[in-house]
Amino acid sequence: MTLKQATAARRTFAIISHPDAGKTTLTENLLLLGGAIHLAGEVKARGERRRARSDWMKIEQQRGISVTTAVMTFEREGKTFNLLDTPGHEDFSEDTYRTLTAADSAIMVIDAAKGIEIQTLKLFEVCRLRNIPIITFINKIDREGLDPFGLMDEIAEKLALDTVPMNWPFGMGNRLKGVADFHSDQFLPYVGSNAKDIDTEPVKLDAQTLKAYMSETEFDEMSGESQLAKEAYPNFDPASFQEGHMTPVYFGSALRNFGVEKLLSAVSSYAPSPRDQVAQTRTVKPDEDRVSGFIFKVQANMDPNHRDRIAFMRLCSGRFRRGMKLEQSGTGKVIGVHNPILFFAQNRELAEEAWPGDIIGIPNHGVLRVGDTLSETGGVRFTGIPNFAPEILRRVRLGDPMKTKHMRRALESLAEEGVTQVFRPMIGANWIIGVVGQLQLEVLVNRMDAEYGIKVELEPAPYAAARWIAAATDEDLKSFEASNRHSLATDVDDNPVFLGKNDWEIGYVAEKWPDISFHNTHERMA
């Protein structure tokens, strides 16, 4: 296989949604279609069966939510799909943002009964920022929901996207008869909620055939709505979609595995193959011979028995082969990648080779961090993977003082994953952690105990805001540090951070020190 052929066959996409929109169930059914699993998790099942295969962390299994990014690779009809299942909870939006840097397209899942929700809107803005094409899946049409026309208009208005219905529901909830596929002029009947595998064979979209599935009155009403939808919206334009201006919309039910196959076919047919990636000095094209990629996530303890640390690398160019030596940006260290991993959730397979668009895991012991670039030639540094200023700050209190060193290593390890941030005050011994959302605090305490055997308590910190600081000259920075040591800390990379009691104080200090710049994001680069 040539580099060009392998690249053209890749589809690397993320799934984004508001919590409870059905993202994890959809993920499982996509994996089922790809042959990666033989039994999809059932949301309402009990015990072991309730656990989604993509949710491997203990707290995810207990709560039935995704709080970390999972990577799953599967093949179907000659294409290789790299699926990135992102956290749906808004408290983990930072992890989702970084994951989207590794995706070439996204499926946006919308609950038919709720429409566009706040978190959906936030995640869409991230996609827009990166010009990521979006395929929309309106889920749960087997339940009572909003009017399909209203849903289409809401997407268009709130997201400023041209919407194109690729299929159309005949009824919703108890009245659901099936969906009409505009592309193939076929009808997919909905056979009822008791069936285990709802996706039946499509039939012809004509009056004679469809009257076997509904009354004449229902046919007249539903076919009229379908025809109106077909004429009211523009035709699908692949170029406009790939530029991020248009979204094809599919209706279905992830829980009933209804309409999911068409959605996967859309990813295969319309989603872009690996795209060009912007580096600091140039744009890297996927068909370049030399291998390059960037680390967008580090995950510790996916296998608690081995205390492992896996760096997730998105390959951007070249054909990667096991055992290659790649140079780390910034440090210039040459790293031999002898045991690269392809993922299915926490299950792994040794990767002999990988191509642009693929996500490989590199086992390491803290050498690789989020934002690092690895390349064959060196001199390449990919950009756009920031840290965000935390919105919640807490002081860490350790129950057993004898475990202080262990606590420090554990906190640094979790900080290197790029979600929890750790600050070491210049004055005082208590470490401070910063997070974007409240649930992250619970996950931190849970993981410290479950993975490191360290019990910690979190108490209010005397600060409420954090900003990275910089100055044009070292003298200006040293002068500022000398006068403000009581409010200064360093992050895990030893960058100086100003800790303020509130935003007003930060504004006041910034006014007083005009030569110092205060930043609420910080680019993660070696």
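For the structure, check the block above.
These numbers come from a predicted model, not from an experiment.

**Here's the deal with the overall build of the protein chain**
Summing up its helical and strand segments, the protein chain has 14 helices and 33 strands in all. Within the protein chain, buried positions represent 56% of all 526 residues. Long-range contacts, defined here as pairs at least 24 residues apart, represent 71% of the contacts in the protein chain between residues at least 6 apart. For the protein chain, the accessible area works out to roughly 22,700 Å², and carbon and sulfur atoms hold 47% of it.

**Some words on the environment of L83**
Mapped onto the secondary structure, L83 falls in strand β3 (residues 79–85). Residue classification places L83 among the buried positions, given a relative accessible area of 0%. Residues in contact with L83, not counting those within four places in the same chain, are F13, I15, T27, L30, A70, V71, M72 and F74.

**Concerning the nonpolar core**
Membership of the largest hydrophobic core comes to 77 residues, with the highest contact counts inside it found for L84, I138, I141, F296, M313, F320 and L374. With 6 residues, strand β15 (residues 309–317) is the largest single contributor of residues to this core. Excluding anything up to four places from it in sequence, L374 contacts V291, S292, G293, I295, M313, L326, E327, Q328, I335, I362 and L368. Counting 29 residues, the second largest nonpolar core, distinct from the first, contains A70, Y250, A254 and V267.

**Considering the sheet that holds strand β31 (residues 496–500)**
Taken in spatial order, the 8 strands make up an open sheet running β28-β25-β27-β26-β30-β31-β29-β32, and their pairing is antiparallel. Because the sheet does not close on itself, it has two edges, and the strands there are β28 (456–460) and β32 (516–519). Averaged over all adjacent pairs, the angle separating strand axes in this sheet is 40 degrees, with direction ignored. Here strand β29 (residues 465–471) pairs with β32 via 4 bridges, running antiparallel. If you follow A471 over to β32, its bridge partner there is I516. Docked against the sheet, helix α12 (residues 438–452) engages β25 (392–398), β27 (432–435) and β28, running at close to 150 degrees with respect to β28.

**Here's the deal with the pattern of salt bridges**
For side chains bearing opposite charge, pairing can occur when the charged atoms are close. Counted under the stated rule, the structure contains 26 salt bridges. The partner of K455 in a salt bridge is D449, with the nearest N and O atoms 3.1 Å apart. Judged by relative accessible area, D449 falls into the partly exposed class, the value being 34%. Residue R467 is joined to D503 by a salt bridge in which the shortest nitrogen-to-oxygen separation is 3.4 Å. With R467 in strand β29 and D503 in helix α14 (residues 503–512), this pair connects stretches of sequence that are 36 residues apart. Judged by relative accessible area, which is 17%, R467 ranks as buried. One salt-bridge network, held together by shared partners, links R408, E412, R424 and D494.

About the thresholds
Residues numbered from 1 in each chain as written. Predicted model: local features only at pLDDT ≥ 70, side-chain atom pairs only at ≥ 80, totals over all residues. Heavy atoms only, no water. Helix = DSSP H or I, 4+ residues; strand = E, 2+ residues; numbered from the N terminus. Buried < 20%, exposed > 50% of the residue type's maximum accessible area, 1.4 Å probe, protein only. Contact = heavy atoms within 4.5 Å. Areas by Shrake-Rupley, 256 points an atom, 1.4 Å probe, with all protein chains shown as cover. Core = buried A, V, L, I, M, F, W, Y, C linked by side-chain atoms within 4.5 Å. Pairing = 2+ DSSP bridges. Axes fitted to C-alpha atoms, helices over the stretch in contact; angles between N-to-C directions. Salt bridge = Lys/Arg side-chain N within 4 Å of Asp/Glu carboxyl O.

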